[in-house]
Amino acid sequence: KVLILDFGSQYTQLIARRVRELNIYSEIYPYNKIPDQLESYNAVILSGSPVSVRSDEALHPDLSNIRGKKPILAVCYGAQYLAHFSGGEVSESNTREYGRANLAYIKEEEDFFENIHKGSQVWMSHSDTIKQLPEGGVLLASTEDVENAAFKIENEQTYAIQFHPEVYHSTDGHQLLHNFLIKIARVNQDWTPQSFVEETVDDLKAKLGNDKVVLGLSGGVDSSVAAMLLHKAIGKNLYCIFVNNGLLRKNEFEDVLHQYEGMGLNVKGVDASARFLDALAGKSEPEEKRKIIGRVFIEVFDDEAHSIQDVKWLAQGTIYPDVIESVSATGGPSATIKSHHNVGGLPDFMKLKVVEPLKSLFKDEVRRVGASMNMDSQLLGRHPFPGPGLAIRILGDLTREKVRILQEVDAIFINNLKSWNLYDKVWQAGAMLLPVNSVGVMGDERTYEKCVALRAVESTDGMTADWVNLPYEFLQKTSNEIINRVKGVNRVVYDISSKPPATIEWE
Ligand code: XMP
């Protein structure tokens with residue numbers, strides 16, 4: 001397995017993910033908490049960092065148990081660290097070293113660069129530059145602007161690179177990690193979703209013992225997979241709560257509850273529709289609607305959690321991208337666009353310890369883990385669905401009648417996507433009920449009714465998205481069906497906006 005030492009880079013988890021893509025198990029430790037027992041690690045990767053080796057805050061771990069004893073791959077800060085503290089020289093760079101660059105020189109016949117050729121695109125992100133290699137340093141690659149873009153240390157299996165192999169824009173990053181981990185360090189490729197399940201279940205057993213754990217199920221992939229892992233670890237001590245906020249898809253509450261029961265989960269369905277819809281009555285501002293839903297959810301959940309004696313833990317289906325997004329949404333420099341409420345939603349008064357078994361995984365990995373536990377492929381393949389549900393797809397104020405109309409429209413759209421085999425090709429789809437009426441004609445009658453917008457996007461993480469080019473015949477048939485079957489709707493439009501500048505949801 002691989003030890004990743006984290007110096008605080010925004011990409012550290014991405015390194016772990018890329019290592020997992022090679023079916024190799026890795027563990028991330030802070031740079032200053034290096035484990036004492038190093039025998040079981042076959043290689044060490046040093047991450048990048050936001051700080052400079054030249055500053056007073058420079059992070060300075062003791063690598064004496066690792067240097068020369070284990071294969072090391074030092075990325076960015078890691079590379080500068082090796083240079084700066086071992087007789088080389090690092091100084092502020094006077095050219096821009098961010099973004100795209102190409103390897104203009106590669107030392108020939110190096111295992112490290114096998115199947116990687118001159119011209120290969122790499123991604124840079126640093127403001128310091130290595131002016132002089134450390135003692136024993138051998139230059140391996142350069143870009144146009146950065147001479148010491150890669151080097152190794154003679155008589156050691158120590159490799160250092162200034163660029164980031166873990167980001168997708170480094171086109172041969174995967175190959176480079178492959179070369180280092182498999183050709184040079186000879187690490188076993190035995191990480192599989194099954195082994196993740198086994199390890200996680202063992203960890204959960206050790207951590208939770210006989211404690212009771214409460215978990216809010218949403219019907220989505222993440223909370224469902226988290227529940228299955230916990231169920232395997234602690235069985236009936238896992239108490240699942242599935243809240244109907246009255247804003248779910250048509251029949252979803254009943255169907256999904258049934259499915260959870262079939263999976264053997266100890267789950268309680270709580271129909272709190274009236275409580276949510278009453279609290280939302282007359283409210284039309286998107287952020288206010290979100291906040292009300294977040295607040296009522298916590299109230300309902302807290303009531304239920306209190307009815308479980310001696311519960312000690314709150315489990316959450318947080319996955320890695322949630323962690324990144326909520327960091328920037330709470331206090332980071334980026335503005336809060338929408339207050340996603342599913343992370344950090346733990347009210348102080350609940351005072352439960354938090355357990356998050358999926359925190360290091362990305363969505364596709366969660367799906368793989370779920371599949372390895374034989375979970376239903378339809379459940380695992382479900383599109384993302386926002387916590388506030390249809391409330392943020394009904395623009396403006398909300399009534400029970402509007403919820404009913406949108407549920408009908410949405411059901412036709414989603415069912416048609418499934419029957420046309422388009423559902424799995426789309427990352428997320430749904431319908432929006434617009435706050436306008438428009439004139440139509442049905443039979444010989446004038447109508448003045450609602451307009452709905454259909455939205456289907458492709459994306460990898462929801463951060464950016466593009467609209468899907470659905471076949472005209474599909475749109476034609478779906479539009480017809482909606483207008484003929486859903487009373488109160490006389491017009492259907494299709495949303496052809498990308499994110500950015502639009503967002504996926506309309507509110
Ligand atoms: P936007 O609309 O911001 O959506 O482009 C990106 C992704 O996030 C989902 N989304 C939410 N999820 N609570 C959630 O749990 C929310 O308040 C919320 N708002 C948007 C959206 O469905 C898409 O997948």
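Thresholds applied
Residues numbered from 1 in each chain as written. Predicted model: local features only at pLDDT ≥ 70, side-chain atom pairs only at ≥ 80, totals over all residues. pLDDT = per-residue confidence, 0-100. Contact = placed C-beta atoms within 7 Å. Buried ≥ 20, exposed ≤ 12 C-beta atoms within 10 Å, placed from the backbone. Helix = DSSP H or I, 4+ residues; strand = E, 2+ residues; numbered from the N terminus. Arc of directions from axis to C-beta. Pairing = 2+ DSSP bridges. Core = buried A, V, L, I, M, F, W, Y, C linked by C-beta atoms within 7 Å. Axes fitted to C-alpha atoms, helices over the stretch in contact; angles between N-to-C directions. Domains from an automatic or database assignment. Nonpolar A, V, L, I, M, F, W, Y, C, P; charged D, E, K, R; others polar. UniProt positions renumbered as here; feature names shortened; annotations may be inferred. Parallel < 35°, antiparallel > 145°, perpendicular 65-115°, else oblique.

Draft legend 1. Up close: the confidence of the model for the protein. Predicted confidence across the protein gives a mean pLDDT of 92, with 94% of residues reaching 70 or more. Across residues 328-338, where pLDDT falls below 50, the model places five contacts with residues more than four positions away in sequence or in other chains. As scored by the predictor, the complex reaches a pTM of 0.78 and an ipTM of 0.98.

Draft legend 2. Main features of helix α6 (residues 252-262). Among all positions of α6, only Phe253, Val256, Leu257 and Tyr260 are buried. Seen end-on, α6 carries its buried residues on one side only, within an arc spanning 105 degrees. Turned more than 90 degrees off the buried face of α6, the exposed positions are His258 and Gly262. Gly264 sits one or two positions beyond α6 and adopts a positive phi of about 90 degrees.

Draft legend 3. Here's a closer look at the pairing of strand β15 (residues 311-315). As judged from the four bridges shared by strand β12 (residues 212-217) and β15, these two strands associate in the parallel manner. Within β15, the position partnered with Val213 by the bridge is Trp313. Of the strand pairs in this sheet, β15 and strand β16 (residues 353-355) are connected by three bridges, and their pairing is parallel. Opposite Leu314, over in β16, you have Val354 as the bridge partner.

Draft legend 4. Main features of the nonpolar core. Of all hydrophobic cores here, the largest spans 70 residues; its most connected members are Val213, Leu215, Ala227, Leu230, Cys240, Val409 and Val452. Sorting elements by how many residues they give to this core places helix α5 (residues 221-234) first, with nine residues. Among residues more than four places away in sequence, those in contact with Leu215 are Ser223, Ala226, Ala227, Leu230, Leu238, Cys240 and Ala315. If you look at the next biggest cluster of nonpolar residues, it comprises 56 residues, including Ile24, Ile45, Tyr159 and Leu176.

Draft legend 5. Representation of the sheet that holds β12 in the model. Read across the open sheet, the five strands follow the order β14-β13-β12-β15-β16; overall the sheet is parallel. Edge positions in the open sheet fall to β14 (267-271) and β16, since each of these has one partner strand only. Adjacent strand axes in the sheet meet at a mean angle of 30 degrees, parallel and antiparallel pairs treated alike. The sheet contacts of α6 involve β12, β13 (238-244) and β14, and relative to β14 the element is tilted by about 165 degrees.

Draft legend 6. View of the domain arrangement of the protein. As assigned here, the protein comprises domain 1 (2-184), domain 2 (193-380) and domain 3 (399-494). Computed from C-alpha coordinates alone, the two centres of domain 1 and domain 2 are separated by 37 Å. At the junction of the two partners, domain 1 supplies five residues and domain 2 supplies five residues. Looking at the side of domain 1 that touches domain 2 residue by residue, the classes come out as two nonpolar, one polar and two charged.

Draft legend 7. Geometry of the sheet that holds strand β3 (residues 43-46). The nine strands are arranged β2-β1-β3-β4-β11-β10-β9-β6-β7 in an open sheet whose pairing can be described as mixed. One side of each edge strand has no neighbouring strand; the edge strands of this open sheet are β2 (26-30) and β7 (121-125). Across the sheet, the mean angle separating the axes of adjacent strands is 25 degrees when strand polarity is ignored. Pairing of strand β6 (residues 98-106) with strand β9 (residues 137-143) involves three bridges; the strand directions are antiparallel. By the bridge assignment for β9, Ile106 is matched with Ala141. Strands β3, β4 (72-75) and β11 (158-161) of the sheet are contacted by helix α2 (residues 77-84), whose axis makes an angle of about 105 degrees with β4.

Draft legend 8. Fine view of the UniProt feature "binding site: ATP" (unreviewed entry) in the protein. Taking the UniProt record as the reference, the feature "binding site: ATP" (unreviewed entry) is found at Ser218, Gly219, Gly220, Val221, Asp222, Ser223 and Ser224. With respect to the secondary-structure elements, Gly220 resides in the loop between β12 and α5. For Gly220, a count of 19 C-beta atoms within 10 Å corresponds to the partly exposed category. Residues contacting Gly220, with those up to four places away along its chain left out, are Arg382, Pro384 and Phe385. Position of Asp222 among the secondary structure elements: in helix α5.

Draft legend 9. Summary view of the UniProt feature "active site" (unreviewed entry) in the protein. Feature annotation in UniProt places "active site" (unreviewed entry) on Cys76, His164 and Glu166, given in this structure's numbering. For the annotated residues, spread through 91 residues, the largest C-alpha to C-alpha distance comes to 11.2 Å, consistent with a single compact locus. Topologically, His164 is positioned in the loop between β11 and α3 (173-184). The residues touching His164, leaving out its near neighbours within four places in the chain, are Tyr11, Gly48, Val75, Cys76, Trp123, Ser125 and Ser170. Note that Glu166 resides in the loop between β11 and α3. Taking the C-beta count within 10 Å as the criterion, Glu166 has 26 such neighbours and is therefore assigned buried. When sequence neighbours within four positions are dropped, the list of residues in contact with Glu166 reads Tyr11, Leu14, Ile15, Arg18 and Gly173.

Draft legend 10. How the structure looks around the packing of helix α4 (residues 193-208) against helix α10 (residues 363-372). Where α4 meets α10, the closest approach of the two axes is 8 Å, and the angle between their N-to-C directions is 80 degrees. Here α10 runs roughly perpendicular to α4, going by the angle between their axes. Residue-level contacts link Pro193, Gln194, Phe196 and Val197 of α4 to Arg368, Val369, Ala371 and Ser372 of α10. Each residue belonging to the contact of α4 with α10 can be placed in one class, and the counts come to five nonpolar, two polar and one charged.

Draft legend 11. Broad picture of α10. Restricting attention to buried positions, one finds in α10 the residues Val366, Arg367, Val369 and Gly370. Burial along α10 is one-sided: seen end-on, the buried residues are contained in an arc of 160 degrees. Packing partners of the buried residues in α10 comprise α4, α5 and α11 (377-380). Of the residues trailing α10, Asn374 is marked for its positive phi of about 60 degrees.

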